Amino acid sequence: MSTPNTSPTTVETDRTRRDGWAGANGSRPAVLELHDVTKTYGSDPPVAALRGVSLTVAQGELVAIVGPSGSGKTTLLHIIGTLDQPSSGTVRIDGVDVAGLDDRQLAALRARSIGFVFQQFFLAEHQTVLDNVADGLLYGGAPVGERRELAAGALTAVGLADRQHARPTHMSGGQRQRIAIARALVGMPAIVLADEPTGNLDSVTGAQILALLKQLNEQGATIIVITHDRGIADQLPRQVQMRDGQIVSDTASNQQPAVVANSVGGNATEARR
Amino acid sequence: MSATTSLMPARLRSGDMARVASVGLRTRRLRAALSALGIAIGVAAIVAVLGLSSSSQAGLLAEIDQLGTNLLVVTNGQTFTGASATLPSTAPAMIGRIEPVNRVADTGAISSANVFRNPYIPSIDTNALTVQAASLNLLPAVGTSVAQGSYLNAATASEPAVVLGAAAAQRLGIDRVYRGERVWLGGMWFYVVGILKPATLAPAIDDSALIGYAAAKKYLNYTSTAADGTTTQGPPTTIYVRAQNSQVDAVDNVLANTADPENPSYVDVSQPSAALTARADAQGAFNGLFLGLGAVALLVGAVGVANIMIISVLERRSEIGLRRALGATRGQIRMQFLTEAILLALLGGAVGVLAGALATTVYAHTKHWAVVIPTEAWAGGIASAILIGAIAGLMPAIRAARLSPTDALRTV
């Protein structure tokens with residue numbers, strides 16, 4: 001199945017993509033397609049981290065990938081984020097088949113199509129909040145003025161418009177994670193990957209971050225949250241549950257009719273094994 | 001597929017690269033300063049050594065220039081049998097007839113006489129001083145002047161009067177001229193009428209006691225036999241010739257033949273300023289040791305930079321992982337750390353050049369030399385710092401780039 005490539009190929013069109021987010025409720029092209037992906041580490045003995053994962057995420061979805069530690073969700077995150085390559089199977093990000101891309105092309109794909117939110121935030125303490133967010137566009141090629149302009153917009157979206165010139169050093173965990181989310185969103189990527197975004201936060205702040213992610217999703221962002229916490233996953237519209245390197249359940253069939261065929265097909269394949 | 005072909009990473013702008021590469025320096029300033037110190041010391045040593053030798057050279061050359069480079073010195077050489085040759089008494093007059101010669105003066109070393117403070121000094125304690133008969137126009141020819149008292153004149157030249165060279169006066173313990181001051185010279189008292197300033201171009205004058213040719217003939221029996229058989233004043237052993245600046249080489253070429261037409265090969269001609277200039281040039285050769293020390297400091301500095309960069313790469317794994325996640329290519333990570341190492345070394349190099357230049361300036365000022373810092377010194381210092389940074393940073397940068405993004409992001 002061929003997906004129409006709706007992704008802009010240059011950074012200059014990021015603003016048009018913002019419009020694209022807003023109007024993404026018509027046809028919903030897939031931004032992530034995994035087909036029968038496996039990942040095996042080491043050779044003696046080989047450890048299978050992923051054993052045939054198929055998953056399709058359409059534009060505008062908010063998906064939780066949930067599973068206990070060792071279920072392969074971190075490996076899956078790395079493969080979706082193109083930080084790692086699958087042992088077999090196909091990965092299409094934003095319409096681009098990842099197989100055969102070299103390091104430079106993968107880097108360009110990450111710069112353009114993927115935003116990361118990490119459990120540990122990974123903020124640069126010596127930089128202002130604004131520059132931290134603007135660094136989300138650092139490797140995209142835009143000049144610094146444009147990057148800061150977009151960063152200011154992203155900070156407004158996460159509710160930190162008034163802290164632009166502060167430094168993250170003395171800010172709370174929740175505020176830091178907001179900065180990190182703004183950094184992931186500033187390039188309007190096709191996919192935002194959030195790895196345990198509430199893992200370092202107390203429950204109240206975690207709930208606020210989750211609410212923020214939902215709100216940003218309503219504005220059009222496609223967000224995949226990786227978590228071990230069922231309680232968090234249950235608050236998100238679609239939950240993909242993993243265990244032992246396989247998807248054991250996917251609630252997509254109830255809520256996302258447009259992608260049911262794919263998901264069910266994938267699961268059916270696994271089920272047959 | 002068009003989407004694939006368009007996947008080209010954007011070039012990092014040079015301003016962004018400079019900012020990214022200076023992150024390590026800006027966030028860990030003390031560490032950066034300490035690791036750049038080794039390179040700073042090495043570069044400073046090299047710049048200061050080269051600057052000081054150039055400045056002292058410039059000082060010496062300026063002095064030579066002031067004294068004049070047109071002085072030629074004619075001395076008696078050796079005969080074919082190895083015996084000391086004698087210049088004809090007529091040589092100064094003959095040389096004076098060469099067209100572009102401005103001034104001719106001469107001295108005659110009287111080997112039979114020595115000079116002592118008083119008669120009770122053992123005769124072997126000569127203080128390495130020589131007694132010379134000198135012509136009356138000697139001082140302007142050799143480019144020196146009287147420090148105290150006066151020089152010989154037509155009257156004192158035939159009397160037991162002596163003028164001491166700067167070193168001779170010091171070794172005899174005479175630091176000023178007063179009435180009745182005398183030295184024991186050639187077995188009799190000679191009265192000191194003057195003391196000279198140092199004669200840089202004619203150091204032989206410095207350790208001489210100068211008397212008139214007439215006095216030498218009269219009291220010390222320094223004579224020669226003229227062609228007609230009469231006894232005249234003694235022969236000159238050194239003739240100082242001032243030629244016109246543009247004609248120095250031409251005069252040089254004819255001097256030997258003019259001084260002793262019969263045996264030109266018995267005559268030695270030299271240009272003291274040329275010898276001094278050569279010595280000034282040769283001074284650089286003595287700096288090898290210090291340059292070597294500077295190079296060792298640079299090497300130690302390079303090891304320090306490499307060390308600090310490797311630690312930096314280990315400490316900043318998560319930053320590397322984040323940057324890779326944000327879309328940095330391996331090349332961009334490599335370039336970031338390589339540029340950081342170069343910046344670090346360049347910082348040290350710049351500080352080193354400034355310190356070396358400062359040391360040179362201060363020392364040259366105390367010596368009243370012109371401050372000369374050769375281009376090779378500071379440009380070479382900066383260039384070697386850049387090179388060292390590149391070499392020291394290469395391995396850590398390659399290691400940083402090789403780090404897989406998933407490993408870099410793993411926090412345990």
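Since we're looking at a predicted model, the values are computed, not measured.

K.L.:
Explain the overall build of chain A residue by residue, including any values.
P.N.:
Across its full length, chain A carries 10 helices and 10 strands. Classification of the 273 residues of chain A by burial places 52% in the buried group. Considering only contacts in chain A between residues 6 or more positions apart, those separated by 24 or more positions represent 71%.

K.L.:
Please set out the nonpolar core residue by residue, giving values where relevant.
P.N.:
Counting residues in hydrophobic clusters, the biggest one holds 133 residues, and the most contacted among them are A:I224 and B:V305. The leading source of residues in this core is helix α4 (residues 29-67) of chain B, at 14 residues. Not counting chain neighbours up to four residues away, the residues in contact with A:I224 comprise A:V57, A:V63, A:I65, A:I80, A:I191, A:L193 and A:A194. Grouped together as the second largest cluster of nonpolar side chains are 61 residues, B:V74, B:I110, B:V162 and B:L220 included.

K.L.:
Got a sec to walk through the sheet that holds strand β1 (residues 30-41) of chain A? Specific residues and values, please.
P.N.:
All names here are of chain A. With antiparallel pairing, the 4 strands of this open sheet are ordered in space as β2-β1-β4-β5. In this open sheet, the two strands that pair with only one neighbour each are β2 (47-58) and β5 (96-97). Relative to β5, strand β4 (residues 88-93) is paired through 2 bridges, and the arrangement is antiparallel. Across the sheet, the residue bridging to R92 is D97, located in β5.

K.L.:
Kindly report on the sheet that holds strand β7 (residues 191-195) of chain A, identifying the contributing residues and their values.
P.N.:
Residue and element names in this part refer to chain A. The strand order across the open sheet built from 6 strands is β6-β7-β8-β3-β9-β10, with neighbouring strands paired in mixed fashion. Edge strands, defined here as strands with exactly one partner in the open sheet, are β6 (114-117) and β10 (246-250). Shown here is a sheet whose adjacent strand axes are inclined to one another by a mean of 20°, direction ignored. Examined bridge by bridge, β7 and strand β8 (residues 223-227) share 4 bridges and lie parallel to one another. When the sheet's bridge partners are listed, A194 is paired in β8 with V225.

K.L.:
Requested: an account of the interface of chain A and chain B, with residues and values cited.
P.N.:
Facing 31 residues of chain A, the contacting portion of chain B comprises 27 residues. Within the side of chain A that touches chain B, the residues separate by chemical class into 14 nonpolar, 12 polar and 5 charged.

K.L.:
Explain helix α7 (residues 203-218) of chain A residue by residue, including any values.
P.N.:
Along an α-helix, residues three or four positions apart point the same way, because every turn accommodates 3.6 residues. Residues and elements named next belong to chain A. Over its 16 residues, α7 runs 22 Å from end to end, which matches the ideal 22 Å to within 8%, given 1.5 Å per residue. Among the residues making up α7, those that are buried are G206, I209, L210, L213, L216 and N217. Seen end-on, α7 carries its buried residues on one side only, within an arc spanning 120°. The exposed residues of α7 that point more than 90 degrees off its buried face are V204, A211 and E218. Backbone geometry just downstream of α7 places G220 in the positive-phi region, at approximately 120°.

K.L.:
Any chance you could break down the confidence of the model for chain B for me, citing the residues and the numbers?
P.N.:
Taken over all residues, the pLDDT of chain B has a mean of 89, while the share at 70 or more is 96%. The ipTM, which scores confidence in the relative placement of chains, is 0.84 for this predicted complex, and the corresponding pTM is 0.73.

K.L.:
Could you give an account of α4(B), naming the residues involved and the relevant values?
P.N.:
Residue and element names in this part refer to chain B. Between its terminal C-alpha atoms α4 stretches 53 Å, which fits the 57 Å expected from 39 residues at 1.5 Å a residue. The largest bend along α4 reaches roughly 35° and is located at L37. Within two residues after α4, G68 carries a phi angle of roughly 100°, on the positive side.

K.L.:
Lay out the pairing of strand β1 (residues 71-76) of chain B in plain terms, naming residues and giving numbers.
P.N.:
Where a strand is regular, its side chains alternate between the two sheet faces. Residue and element names in this part refer to chain B. With 5 of 6 residues buried, β1 is to be regarded as a mostly interior element. In terms of strand pairing, β1 meets strand β13 (residues 267-270) through 4 bridges, oriented antiparallel. Within β13, the residue paired with V74 across the bridge is V269.

Reading the values: the criteria
- Every chain begins its residue count from 1, and numbering advances along the sequence as written.
- Each chain takes a letter, starting from A, and each ligand takes a number, starting from 1, following the order in which they are written.
- Local features in a predicted model are, by the rule used here, given only for residues with pLDDT of at least 70; side-chain atom pairs are given and counted only at 80 or more, and totals for whole chains, interfaces and linings are based on all residues.
- Runs of E in the DSSP output that reach at least two residues are strands. Runs of H or I that reach at least four are helices, and both are numbered from the N terminus.
- Burial is judged by counting other C-beta atoms within 10 Å of a residue's own C-beta: 20 or more means buried, 12 or fewer means exposed, and anything between counts as partly exposed, with every C-beta placed from the backbone.
- By definition, residues are in contact whenever their C-beta atoms, placed on the basis of the backbone, come within 7 Å of each other.
- For this entry, the nonpolar core is defined as buried Ala, Val, Leu, Ile, Met, Phe, Trp, Tyr and Cys residues connected by C-beta atoms within 7 Å.
- Should DSSP find at least two bridges between two strands, the strands are regarded as paired.
- The angle between two axes is taken between their N-to-C directions and runs from 0 to 180 degrees, where each axis is a line fitted to C-alpha atoms and a helix contributes only its stretch in contact.
- Residue type decides the class: Asp, Glu, Lys and Arg count as charged, Ala, Val, Leu, Ile, Met, Phe, Trp, Tyr, Cys and Pro as nonpolar, and the leftover types, Gly among them, as polar.
- One fewer than the residue count of a helix, multiplied by 1.5 Å, yields its expected span.
- The arc refers to the directions leading from the helix axis to the C-beta atoms.
- Confidence of the predictor at the level of single residues is captured by pLDDT, which takes values from 0 to 100.
- Bend angle per residue: angle between axes fitted to the 7 residues ending at that residue and the 7 residues starting there.

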